[in-house]
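Observations on the three-dimensional arrangement
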Amino acid sequence: MKIHEKYIKRCIQLARNGLGTTYPNPMVGSVIVHKNKIIGEGWHYKAGEAHAEVNAINSVEDASLLKDATIYVSLEPCSHYGKTPPCSDLIIARGIKKVVIGTVDPFAEVAGRGIKKLMDAGCKIAVGILEEECRELNKRFFTFHQKKRPYIILKWAETEDAFIAPEKQDKREPVWITNPYSKQLVHKWRAEEQAILVGTNTAVADNPKLNTRLWEGPNPVRIVIDRNHRILKDSAVFDGSIKTIVICEEPGLNNSENLKFERIDFSKNVPEQICEILYKYELQSVIIEGGSQSIQGFIDAGLWDEARVFTGNIQFKTGVKAPRLKGNLIKEQTIEDDKLKIYTND
């Protein structure tokens, strides 16, 4: 079992290379081992391109070794035709008889069917190796398919005296609490998630672009709460450069390719309705960056999975109070003079 764990760990390591680029597919890594030596490895780079198992098999220089090799994969090989052929069919066709799998795929089109197909073809299967680690790797994918909502990350920066904004702002731009290194890290996070959400007050006061200008990677879909269309039409979120979904009570501007308006009932559970909209748009993850009222609404509804909270080396004395949260602290780190704490929802 220990030898299996060693190679599944390598699969997980490889799979992480696809964070932010494989949506709507999961991140998957694969290695091929012959006589305790890795002879091939690969991961899924991007949706529509070859899966991890295909890349691993294609990387093997001597294909004659495959019939005596073991293929390791962090997630169950697919069994259906999507944008690419089934990986389970390729494994069978190449004569690989030993398959070690981290965890079963929750996607309805797979969900055990890949394993069954391999077993029916005479393959020897081991499943559930480092299963928790493999599920954690694809927490966004699992949350989306099992809970029918995106994986929700709360993020905010607060002062030492627990404020997230001053009492007054003179300009339509953010008041920075954290240092440039923390700011760049946030842009890295944006590139890893599918959507980013802010409330009306944040959009009005800060005029945020909500893009990844400080990091190389895809821009997330912008989600903006604007119940009564208070956000000025010359705001950055309406510049058409990035797909933007506006959550409102009444229709606003006409829908276009990069601007969609979605109506909800603000007298009912707003976070739940927003989750339903994000699920409809097949968005597997969202960072909620503000403001305090929007973040607190998701906290109070119990609709959050992770919270990333910065504390900057500054005090406001008065202003907008930071959200109140109880969670399981899993990580602490210092970024220059900023402190970062990461929590999960118990």
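None of these values were measured; they are calculated from a predicted model.

**Side note on the packing of aromatic side chains**
With the rule as written, the count across this model stands at five aromatic pairs. A ring pair is formed by tryptophan 43 and tyrosine 45, whose centres lie 5.0 Å apart and whose planes are at 80 degrees; its orientation type is edge-to-face. Stacked on the ring of tryptophan 189, the Lys or Arg arginine 308 has its end atom at 4.6 Å from the ring centre. Here the guanidinium or amino end of lysine 321 rests over the ring plane of phenylalanine 163, the centre of that ring lying 4.6 Å away.

**Overview of empty space enclosed by the protein**
Per the counting criterion, the structure on display carries one cavity of 30 Å³ or more. Its boundaries defined by the atoms lining it, the largest cavity holds a volume of some 70 Å³. Contributing to the lining of the largest cavity are Gly18, Leu19, Gly20, Thr22, Tyr23, Asn25, Pro26, Met27, Asn138, Arg140, Phe141 and Gln284. Looking at the lining of the largest cavity residue by residue, the classes come out as five nonpolar, six polar and one charged.

**A look at the layout of surface pockets**
Reported here for the second largest pocket is a volume of approximately 920 Å³. Lining the second largest pocket we find 29 residues, and of these Glu136, Lys139, Arg140, Tyr151 and Glu306 sit closest to its centre. Only α5 (131–137), α6 (139–147), α7 (180–192), β13 (306–311), β15 (328–335) and β16 (338–344) provide two or more residues apiece to the lining of the second largest pocket. Take the lining of the second largest pocket: its biggest share by element is six residues, from α6. The class makeup of the residues in the lining of the second largest pocket is 10 nonpolar, five polar and 14 charged.

**Side note on the sheet that holds strand β1 (residues 29–34)**
Here we have five strands laid out as an open sheet, ordered β2-β1-β3-β4-β5, and mixed in their pairing. Of all strands in the sheet, those bounded by a partner on one side alone are β2 (37–43) and β5 (124–127). Pairs of neighbouring strands in the sheet enclose a mean axial angle of 15 degrees, with direction left out of account. Where β1 meets β2, six bridges bridge the pair, whose relative direction is antiparallel. The residue bridging isoleucine 32 from the neighbouring strand is glycine 40, located in β2. In the packing of helix α4 (residues 113–120) onto the sheet, contacts are made with β4 (98–103) and β5, and the angle to β5 comes to roughly 150 degrees.

**Remarks on the pairing of β4**
With five of its six residues buried, β4 lies for the most part within the structure. Pairing of strand β3 (residues 70–75) with β4, which is carried by five bridges, proceeds in the parallel orientation. Counted as the bridge partner of threonine 70 is lysine 98 from β4.

**Overview of α6**
A large share of α6 lies buried, amounting to seven of its nine residues. Listing the buried residues of α6 in full gives Lys139, Arg140, Phe141, Phe142, Thr143, Phe144 and His145. Downstream of α6 by one or two residues, lysine 148 has phi in the positive range, about 60 degrees.

**Considering α7**
End to end, α7 covers 19 Å across 13 residues, agreeing with the expected 18 Å (1.5 Å per residue, within 8%). For α7, the complete set of buried residues consists of Ser182, Leu185, Val186, His187, Trp189, Arg190, Ala191 and Glu192. For α7, the N-terminal capping position is held by asparagine 179, with its side-chain oxygen 2.9 Å away from the main-chain nitrogen of tyrosine 181.

**Digging into unusual backbone geometry**
With an omega dihedral of 5 degrees, the bond running from tyrosine 23 to proline 24 counts as a cis peptide bond. Counting through the fold element by element, proline 24 comes out in the loop between α1 (2–15) and β1. A positive phi is found at asparagine 36, a non-glycine position, where the angle reads about 60 degrees. Tracing the backbone through its elements, the reader meets asparagine 36 in the loop between β1 and β2. Judged by its relative accessible area of 61%, asparagine 36 falls in the exposed class. The backbone of alanine 162 shows a phi angle near 65 degrees, a positive value even though the residue is not glycine. Within the fold, alanine 162 resides in the loop between β6 (151–158) and β7 (163–165).

**Comments concerning the side chain of glutamate 53**
Along the chain, the position of glutamate 53 falls in helix α2 (residues 52–58). Buried within the structure, glutamate 53 lacks any salt-bridge partner; its nearest side chain of opposite charge belongs to lysine 117, at an N-O separation of 12 Å.

**Points about the nonpolar core**
Core analysis: the largest hydrophobic core is formed by 31 residues, its most contacted members being Ile152, Leu154, Ile223, Ile247, Ile274, Ile288 and Phe298. Of all the elements, helix α9 (residues 270–280) adds the most residues to this core, at five residues. Setting aside residues up to four positions removed in sequence, isoleucine 288 forms contacts with Ile152, Ile153, Leu154, Lys155, Leu197, Ile295 and Phe298. Of all hydrophobic cores here, the second largest spans 21 residues; its members include Ile32, Ala52, Ile57 and Ile115.

Definitions and limits used
Residues numbered from 1 in each chain as written. Predicted model: local features only at pLDDT ≥ 70, side-chain atom pairs only at ≥ 80, totals over all residues. Heavy atoms only, no water. Phe/Tyr/Trp six-rings, centres within 6.5 Å; stacked < 30°, edge-to-face > 60°. Lys NZ or Arg CZ within 6 Å of the ring centre and 35° of its normal. 1 Å grid on protein atoms, 1.4 Å probe; cavity = no way out; pocket = protein on both sides within 12 Å on 5 of 7 lines; lining within 4 Å. Points joined across faces, edges and corners; volume = space filled by probe spheres on them. Nonpolar A, V, L, I, M, F, W, Y, C, P; charged D, E, K, R; others polar. Helix = DSSP H or I, 4+ residues; strand = E, 2+ residues; numbered from the N terminus. Pairing = 2+ DSSP bridges. Axes fitted to C-alpha atoms, helices over the stretch in contact; angles between N-to-C directions. Contact = heavy atoms within 4.5 Å. Buried < 20%, exposed > 50% of the residue type's maximum accessible area, 1.4 Å probe, protein only. Expected span 1.5 Å × (residues − 1). Polar contact = N/O pair within 3.5 Å; in protein donor to acceptor, adjacent residues only side chain to side chain. Lys, Arg positive; Asp, Glu negative; His and termini not counted. Salt bridge = Lys/Arg side-chain N within 4 Å of Asp/Glu carboxyl O. Core = buried A, V, L, I, M, F, W, Y, C linked by side-chain atoms within 4.5 Å.

The values are spatial; any link to function lies outside them.
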